[in-house]
Each structure stands twice: as structure tokens, then as C-alpha cells.
Amino acid sequence: MYRDHVDLIYRYAHRLCGETESAKDLVQETFLNAYQGLKDFRGEAQVSTWLYTIASRACIRMRRKRKGEPEHELSLEEFVPTSEGEFRLQIPIDGLSPEEALQNKELRQALDQAIDKLPQKYRMALVLRDMEGLSAKEVGTIMGLNERAVKSRLHRARLFVRRELSARGITHHDDHKSGGLRS
Amino acid sequence: MTKKKTSAPKKRSGPSSHRHTHAQGHCADLLRQLSAYIDDELPSDICREIRRHLGACANCEVFIASLQHTVTLCRHRPAPQLTSVDRMNMRRAILDAANAR
């Protein structure tokens with residue numbers, strides 16, 4: 001189980017935690033909990049879904065221990081632009097493939113920071129759905145939510161990241177031509 | 001996972017200089033449904049209505065393009081990978097911790 005899933009869980013952990021050491025801690029905690037709970041696993045869900053669920057719960061526990069502060073809710077109203085300028089903020093990737101756009105270090109960092117700034121329950125929905133590529137139903141199983149709640153959190157998370165990215169005023173760079181910007 | 005196209009929403013014909021109060025009415029309603037629209041989860045009649053609105057509202061068209069770009073970037077953001085040494089060290093640490101509990 002470890003050999004088959006460690007890369008998957010590390011990728012998820014890194015996306016949730018935003019940095020290497022915390023991600024490794026989360027992976028270890030996840031597999032430790034999985035081994036201890038293995039006798040109760042009935043195979044009703046895929047092993048990967050079960051591990052995502054354990055990792056998500058472990059992440060919530062670890063973060064609560066570190067921060068101890070309640071998370072704030074994102075309301076839809078806060079994302080309704082109130083001026084023409086806010087409406088028309090753009091993200092400069094027109095004409096580039098996503099891979100080319102992400103070679104712009106400033107854009108890559110802005111994206112990572114925006115995701116990191118998301119309250120955890122919104123970040124988890126965004127990471128599972130848009131980055132890990134799971135269905136809303138699978139995300140609901142992992143987070144213990146119905147699909148409607150998953151979609152609501154996902155929408156707010158996307159609007160948050162969009163606002164953070166576009167407000168940074170990132171301009172086109174030729175970084176992808178010079179290379180060497182991957183983290 | 002449903003793979004989505006990376007380009008901005010399709011261009012539509014129609015005027016784009018339509019002016020109205022964006023925080024109210026159609027624009028605000030549209031913003032509530034944009035993710036479902038991007039994910040192709042809305043019934044066809046609502047999609048048609050949204051397309052009609054986007055064709056008449058340049059601001060909403062720019063907004064949805066930027067939201068689509070956001071989703072595209074998230075979907076393509078590569079994650080760092082573990083080295084084989086990391087994999088081995090973590091496995092050892094997990095086994096040690098399991099034995100210690």
C-alpha cells in the first residue's frame with residue numbers, strides 16, 4: 001500500500017501544506033493511521049479515496065494544533081465586483097498553454113500563495129477537485145459533505161484564487177523562454 | 001476528472017458595450033453559477049441564457065475568462081515529487097513510529 005500510494009499522498013499533502021517538511025509529516029501520519037485502521041477498512045471505497053480521507057483528517061488535526069484559530073467563511077457577496085475595474089482584472093495567460101504560463105515564476109508563486117491563503121476547508125475542496133482531479137462526489141466522500149456543499153466551497157475557492165491572482169497585476173514575462181524557473 | 005479546455009469561453013456575436021449595474025441583477029446571478037457553467041453542470045437552457053448575457057456584457061465575459069484561467073492554472077500546477085531516498089526514509093520512520101506505539 002505504501003509503495004503504490006506514497007507519491008499520490010505526498011502530492012496531495014504538499015498541495016495542502018504548501019511546503020515540504022509539513023507534507024512529509026502529513027504523509028507519515030497518514031500511513032501510520034492507515035496501518036492502524038487497516039483491519040477496519042472494508043474495501044467499500046478505493047484505497048486511494050480511503051487514504052485521501054485519512055490524510056484530510058490528519059491535516060485538519062495537525063493544523064488545528066499549530067494554529068488553534070477558527071477558520072473564516074467566504075461569502076459569495078465578497079466576490080461580486082463593485083467596480084468596472086474589479087470586473088475586468090485579468091490573468092495574463094492568453095495565447096500561452098497552461099504549462100508555458102506556469103513557467104512565469106511570479107504567476108506560479110502568486111497561484112501558490114493564493115491557494116495557501118485559502119481557509120482550509122475551501123483549499124481542500126479546490127485541491128481535491130481541481131488539482132487532484134477527483135469528482136465532486138469523491139470529494140464529498142472524502143470531506144464528509146454532500147455534492148452541493150462541495151460545489152459551493154469549490155466555487156468560493158475559485159473566486160478567491162481568481163481575485164488574488166488578478167489583483168496582483170501580473171504581466172506577461174518571457175521566463176518560459178529562459179527556462180530554469182521550476183520550483 | 002473532467003478535463004476542460006484551456007481557452008477562454010467561446011466568442012459570441014452581439015453587442016459588447018452593454019452597460020448596467022454589475023453588482024445587481026443578471027451579473028450577480030451569473031457569478032453565482034460560473035463554476036457550474038465552467039464544469040458543464042448546468043441545464044442547456046440556463047447555459048443558453050448565460051451565453052446570451054455574456055454576449056451582451058463585456059465585463060462578465062472578461063470575468064469568466066479569468067475564472068476559467070484560474071481553474072486551468074490549478075489543474076496544471078505541477079507538484080514536487082519525492083526522491084527515492086525520501087520514500088525510503090519516510091517508510092522507515094513510519095515503521096519505527098508504528099512499532100513504538
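Residues numbered from 1 in each chain as written. Chains lettered and ligands numbered in written order. Predicted model: local features only at pLDDT ≥ 70, side-chain atom pairs only at ≥ 80, totals over all residues. Heavy atoms only, no water.

Draft legend 1. Representation of the overall build of chain B within the structure. In terms of regular secondary structure, chain B is built from 4 helices and 0 strands. Taken from the N to the C terminus, the helices and strands of chain B come in the order α-α-α-α. When the 101 residues of chain B are sorted by exposure, 44% land in the buried category. Excluding contacts between residues fewer than 6 apart, the proportion of contacts in chain B whose partners are at least 24 apart in sequence is 73%. A total accessible area of about 5500 Å² is found for chain B, and carbon and sulfur atoms account for 50% of it. (Helix = DSSP H or I, 4+ residues; strand = E, 2+ residues; numbered from the N terminus. Buried < 20%, exposed > 50% of the residue type's maximum accessible area, 1.4 Å probe, protein only. Contact = heavy atoms within 4.5 Å. Areas by Shrake-Rupley, 256 points an atom, 1.4 Å probe, with all protein chains shown as cover.)

Draft legend 2. Structural detail: the nonpolar core. Leu128 and Val161 of chain A together with Leu73 of chain B are the most contacted members of the largest nonpolar core, which totals 75 residues. Sort the elements by how many residues they give to this core and helix H1 (residues 2-17) of chain A lands first, with 8 residues. With near-sequence residues (within four places) excluded, Val161 of chain A lies in contact with Leu111, Ala114, Ile115, Leu118 and Leu126 of chain A together with Thr70 of chain B. (Core = buried A, V, L, I, M, F, W, Y, C linked by side-chain atoms within 4.5 Å.)

Draft legend 3. Region of the structure containing the packing of helix H7 (residues 120-131) of chain A against helix H8 (residues 136-143) of chain A. Residues and elements named next belong to chain A. The contact between H7 and H8 brings their axes to 10 Å, and the two run at 140 degrees. Considered as vectors, H7 and H8 are oriented oblique to each other. For the pair H7 and H8, the crossing hand works out as right-handed. Only Ala136, Val139, Ile142 and Met143 of H8 make contact with H7, whose side of the interface consists of Lys121, Met124, Ala125, Leu128 and Arg129. (Axes fitted to C-alpha atoms, helices over the stretch in contact; angles between N-to-C directions. Parallel < 35°, antiparallel > 145°, perpendicular 65-115°, else oblique. Left-handed = near helix turned anticlockwise from the far one by under 90°.)

Draft legend 4. Quick peek at H1 of chain A. Inspection of H1 of chain A places Tyr2, His5, Val6, Ile9, Tyr10, Tyr12, Ala13, His14, Arg15, Leu16 and Cys17 of chain A among the buried residues, and these make up the whole buried set. Phi turns positive, to about 80 degrees, at Gly18 of chain A, one or two residues after H1 of chain A.

Draft legend 5. Focus on the packing of aromatic side chains. Residues and elements named next belong to chain A. Tallying each qualifying case throughout the model produces 4 aromatic pairs over all chains. Pairing Tyr2 with Phe31 gives two aromatic rings, centres 5.1 Å apart and planes at 70 degrees, and the pair type is edge-to-face. Separated by 29 residues along the polypeptide, Tyr2 in helix H1 and Phe31 in helix H2 (residues 20-37) bring together distant segments of the chain. For Tyr2, a relative accessible area of 6% puts it in the buried group. On the basis of an interplanar angle of 85 degrees and a centroid distance of 5.0 Å, the ring pair of Tyr12 and Tyr52 is categorised as edge-to-face. (Phe/Tyr/Trp six-rings, centres within 6.5 Å; stacked < 30°, edge-to-face > 60°.)

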